[in-house]
Amino acid sequence: MRDLTWVEISKSSLENNIHQLRKIIGKKTILCPCVKANAYGHGLIETSKIFLNAGADWLSVNSVYEAKTLRDSGIKSPLYILGYVPLDSIKLSVELDCRLVVYNYETLNAVSSASTSTGKTGKIHLKVETGTNRQGILYKDLKAFAKIAKTFKNIEIEGLSTHFSNIEDSTDHSYAELQLERFIEAAKTLKETGIDIPILHCANSAATILFKKTRFNMVRPGISCYGMWPSLETYNTYIQEIKNGFKLSPALTWKTKIAQIKNIPIGEAVGYGCTYITKRETTLAVIPVGYYDGYDRSIKNGLVLINDHIAPLRGRICMNIIMADITDIPGVKTENEVVLMGSSKTTALTAEDFANWAGTINYEVTTRINERIPRIIIK
Ligand SMILES: Cc1ncc(COP(=O)(O)O)c(C=O)c1O
């Protein structure tokens, strides 16, 4: 039985994106796609397997829960947990052979205890604060922190990381440059103290695509692996300053079927709150998807594709239903396919279109597509 709605994921598009990234970073740099948030809405397990088969080296997840899901699915590649691991889950993450980001002493002590009890070496990546001011050890505290970490015999400081706060939101990259300088300084300071950390990493998609010098030994791209640009600013910078043939293919198409077609007269209200009044005799398609599925209620002037034609939505987005005006589309029948996001034969509605309608970003749009909805891998 198929759900009312489903998401098709193009394997060849995902593979293309990994190949494109590999081409620009070279063979030696570790490619660690970010598969948190259900692989940005694309389906955690299948997408992860496709990435690894296409040449990704590691995977980064947000939580131990995601890491466990991947291990249970048979994935053996290195896993890096980017997000917070509660102290009572650290033993599990060490057992699962995960790399942990570390920025507080409580975690450090818990990794050591877990390493002792499991007999495994706890692999940690220190995160240094360079200006994003969320996770991270303040620069002034880094040396002392690393020295203490170094005293634990069962802990290996494998990586040093940071994260950019203003690299995709602007075409002015001066703040990113400042963060990069601070990161380089941090690595240098540790090296001078005798702590030479083998893996340095800070590059998300925008950094990986735009700035070779941010790639070091490992990159952690997320959005680009799924075929989306981080922002228009990143795309514009790429076009103006780089333009090296790098090409992304969006992998996700979100579909459903028409549940009902009805003709209503001029002057009728459509949907909750009577926010739309028909301006002509109107044929409406009732479509069984709503905000529960991740079709954002704040969307204004949304569109869907029916029989390769664009149909505007009418009235508010409901919990499980939206209504589209199909008056101008010939031959539409109940159960005709509806493309909510992605391409039909000659036209497309992108995650960026959704983001514009809802006043958000493409990241939020695809990660919000309800996990319950089946992800079907197509060629
Ligand atoms: C720490 C970290 N690294 C890498 C990424 C990937 O970023 P992007 O999707 O912009 O490539 C994220 C995404 O939020 C992140 O939080």
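Use the structure listed above.
Residues numbered from 1 in each chain as written. Predicted model: local features only at pLDDT ≥ 70, side-chain atom pairs only at ≥ 80, totals over all residues. Heavy atoms only, no water.

Participant: Please clarify how the nonpolar core should be interpreted in this entry.
Facilitator: Soluble globular proteins tend to pack their nonpolar side chains together in the buried interior. Ranked by size, the top nonpolar core spans 116 residues in total, and within it Leu126, Leu160, Trp254, Tyr295, Val304 and Ile306 carry the most contacts. A per-element tally of this core places helix α8 (residues 174–192) first, with 6 residues. Looking at which domains feed residues into this core, each of domain 1 (11–241) and domain 2 (252–378) gives three or more. Core analysis: the next-biggest nonpolar cluster, separate from the first, contains 6 residues, Ile264, Val270, Tyr276 and Leu284 among them. (Core = buried A, V, L, I, M, F, W, Y, C linked by side-chain atoms within 4.5 Å. Buried < 20%, exposed > 50% of the residue type's maximum accessible area, 1.4 Å probe, protein only. Helix = DSSP H or I, 4+ residues; strand = E, 2+ residues; numbered from the N terminus. Domains from an automatic or database assignment.)

Participant: Whenever I open this one, the side chain of Glu158 confuses me. Can you help?
Facilitator: Mapped onto the elements, Glu158 comes out in strand β7 (residues 155–161). Looking at Glu158, its side chain comes within polar contact range of the side chain of Arg99, at 2.9 Å. For Glu158, the contacting residues outside a window of four places in its chain are Trp58, Arg99, Lys123, Ile124, His125, Ile197, Pro198 and Ile199. (Polar contact = N/O pair within 3.5 Å; in protein donor to acceptor, adjacent residues only side chain to side chain. Contact = heavy atoms within 4.5 Å.)

Participant: For this particular structure, what's the right way to read the pairing of strand β10 (residues 252–257)?
Facilitator: Where a strand is regular, its side chains alternate between the two sheet faces. Summarising burial for β10: 5 of the 6 residues are buried, a large majority. Where strand β1 (residues 5–10) lies against β10, 5 bridges are found, and the strand directions are antiparallel. Bridge pairing in β10 links Glu8 to Thr253. Bridge analysis of β10 against strand β18 (residues 337–343) gives 4 bridges, and the strand direction is antiparallel. Following the sheet pairing, Lys255 is matched in β18 by Val339. (Pairing = 2+ DSSP bridges.)

Participant: Is there a simple way to explain the sheet that holds strand β17 (residues 322–325) in this structure?
Facilitator: Strands pair in a sheet through their backbones, by hydrogen bonds, and they do so in one of two ways: parallel or antiparallel. Strand order in the open sheet formed by 3 strands is β11-β14-β17, and the pairing between neighbours is antiparallel. Two strands bound the open sheet, and with one partner strand each, they are β11 (260–264) and β17. For this sheet, the mean angle separating the axes of adjacent strands, direction not counted, is 30°. Where strand β14 (residues 282–287) lies against β17, 4 bridges are found, and the strand directions are antiparallel. By the bridge assignment, Leu284 is partnered in β17 with Asp325. (Axes fitted to C-alpha atoms, helices over the stretch in contact; angles between N-to-C directions.)

Participant: Looking at this structure, how should I read the packing of aromatic side chains?
Facilitator: Given two aromatic rings, one states the distance between the centres and the angle between the planes to describe the pair. Under the criterion given, the structure shown has 12 aromatic pairs. Centre to centre, the rings of Tyr40 and Tyr363 are 6.1 Å apart; their planes meet at 45°, and the pair counts as tilted. One end of the pair, Tyr40, is in helix α2 (residues 36–41); the other, Tyr363, is in helix α12 (residues 362–367), with 323 residues separating them in the sequence. (Phe/Tyr/Trp six-rings, centres within 6.5 Å; stacked < 30°, edge-to-face > 60°.)

Participant: Sorry, what's going on with the site of the ligand here?
Facilitator: Looking at the ligand, there are 14 residues lining it, with Tyr40, Ser205, Gly222, Ile223 and Tyr363 nearest. Note that an oxygen atom of the ligand is positioned 3.0 Å from one of the side-chain N or O atoms of Arg134. Bound to the protein, the ligand loses 92% of the 400 Å² it would expose on its own. Broken down by class, the residue content of the shell around the ligand amounts to 5 nonpolar, 4 polar and 5 charged. (Near = heavy atom within 4 Å. Areas by Shrake-Rupley, 256 points an atom, 1.4 Å probe, with all protein chains shown as cover. Nonpolar A, V, L, I, M, F, W, Y, C, P; charged D, E, K, R; others polar.)

Participant: Would you explain the pattern of salt bridges in this entry?
Facilitator: Scanning the entire structure with this criterion turns up 17 salt bridges. When the shortest N-O distance is used, the salt bridge between Glu95 and Lys91 registers 3.8 Å. Of this pair, Glu95 and Lys91 both sit in helix α5 (residues 90–95), separated by 4 residues, roughly a single helical turn. We classify Lys91 as partly exposed; its relative accessible area is 42%. Notably, a salt bridge pairs Asp325 with Arg314, separated by 3.0 Å at the nearest N-O pair. Highlighted residues: Asp325 in strand β17 and Arg314 in the loop between β16 (309–312) and β17, separated in sequence by 11 residues. Under the relative-accessibility criterion, Asp325 is labelled buried at 4%. Residue classification places Arg314 among the buried residues on the basis of a relative accessible area of 16%. The structure contains a network of salt bridges with shared partners spanning Arg280, Arg314, Asp325 and Asp328. (Salt bridge = Lys/Arg side-chain N within 4 Å of Asp/Glu carboxyl O.)

Participant: Would you mind showing me how to read unusual backbone geometry here?
Facilitator: What you tend to see is this: most non-glycine residues have negative phi, and most peptide bonds are trans. Residue Ala37 is not a glycine yet carries a positive backbone phi of 55°. Checked against the element boundaries, Ala37 lands in helix α2. Even without a glycine there, the phi angle at Asn307 is positive, about 50°. Within the secondary structure layout, Asn307 lies in the loop between β15 (303–306) and β16. On the basis of relative accessible area, Asn307 is assigned to the partly exposed category, the value being 33%.

These figures capture arrangement, not role.
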